[in-house]
Amino acid sequence: MPDRTLILGGARSGKSVAAERLLSAEPDVLYVATGGNDSGDAEWADRVAKHQARRPASWGLAETIDLVPLLESSGPPLLIDCLTLWLSRTMDNVDVWSDLDRAGLVEQAIAGLADAWSATARRVVAVSNDVGSGIVPADPGTRLFRDLMGRLNTTISLASDQVLWTVAGRTLPLT
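The structure reproduced in this document is the subject of the present report. (Residues numbered from 1 in each chain as written. Predicted model: local features only at pLDDT ≥ 70, side-chain atom pairs only at ≥ 80, totals over all residues. Heavy atoms only, no water.)

Let's talk about the pairing of strand β2 (residues 30-33)
Operational definition: Under the scheme applied here, a residue whose accessible area is under 20% of the maximum for its type counts as buried, over 50% as exposed, and between as partly exposed, the area being computed with a 1.4 Å probe on protein chains only. Only DSSP runs of H or I covering at least 4 residues are called helices, and only runs of E covering at least 2 are called strands; the numbering of each starts at the N terminus. Two strands pair under a simple rule: DSSP has to find at least two bridges between them.
Residues L30 and V32 point to one face of β2 and Y31 and A33 to the other, with burial holding for every one of them. With 4 bridges joining them, β2 and strand β3 (residues 60-63) adopt parallel strand pairing. The residue of β3 that forms the bridge with A33 is E63. Of the pairings in the sheet, the one linking β2 to strand β4 (residues 78-81) comprises 4 bridges and is parallel in character. Paired with L30 across the two strands is L78, which belongs to β4.

Points about the sheet that holds β2
Which entries qualify depends on this criterion: Simply put, an axis is a line fit to the C-alpha atoms, just over the touching stretch for a helix, and the angle between two N-to-C directions goes from 0 to 180 degrees. By definition in these notes, contact holds between two residues if any of their heavy atoms fall within 4.5 Å.
With respect to topology, 7 strands assemble into an open sheet ordered β3-β2-β4-β5-β1-β6-β7, the strand pairing being mixed. Only two strands of the sheet have a single neighbouring strand rather than two, namely β3 and β7 (170-174). Each adjacent strand pair in this sheet contributes to an overall mean axis angle of 20°, direction not counted. Across 6 bridges, strand β1 (residues 4-9) lies against strand β5 (residues 124-129) in parallel orientation. Residue G9 lies in a different strand from β5, and its bridge partner there is N129. Where helix α5 (residues 103-119) meets the sheet, it contacts β1, β4 and β5, and its direction lies at approximately 130° from that of β1.

What to know about the pattern of salt bridges
Condition: When a carboxyl oxygen of Asp or Glu lies within 4 Å of a side-chain nitrogen of Lys or Arg, that pair is called a salt bridge.
As enumerated under the stated definition, the model contains 7 salt bridges in all. Across the pair R151 and E107 runs a salt bridge, and its minimum N-O distance is 2.6 Å. Within this pair, whereas R151 is found in helix α6 (residues 140-158), its partner E107 is found in helix α5, the two being separated by 44 residues in sequence. Between D147 and R146 there is a salt bridge; the shortest N-O distance is 2.9 Å. Take D147: its relative accessible area is 32%, and that puts it in the partly exposed class. Because the salt bridges share partners, they merge into one network encompassing D3, E26 and R123.

In C-alpha cells, the structure reads:
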C-alpha cells in the first residue's frame, strides 16, 4: 500500500526538514528537486547547498518537473521538493504569463500529476507552499498563480494518505 504524504506550510516554516525526517529511516530515497538550476544566483545556490548538506549521501537526486514518469515507475521513495516550484516552472513552460488563457494547459498538467499521485505504488512525500493565506495579489498573473496553487494543493491533498501542516518548525496533522 503506497504512502502519499503532502506537507504544507509557509515559506521557511520547516516543510523540507519535516519531509526529510519522515524519510530519514529509508536507506534509499530519490530527492526530486523541482526548482531548476538558477545559474548565477548566489542566494539560490546557497539554498540548494543547504538542502544538499542535510540529505544523507545515500539519497539520489533528480532535478526535474517531469514528475509523472517518476510516480509511474517503481523505485525507492520519492521526496518532491516542491510542488510550488513545479507549478511555477510548469506555468513558465506553457508561457502562461504572456497569455493567461493558457491556464487550461496548466490545469491539465495538475490533473495528470494528481492521477499519477493517486496511482503511484511508491512511497512519496511532497512539500508545497500555502500561498493563499495572504492578501489578494494586485495583478491577474499573480492571482492566477495563487488560485492554481490552491487547486494543486487541494487536489493532491484529497488524494493523499496523510496531510501535514508545518508552521514555525512544528508539524501538525490535518484531518
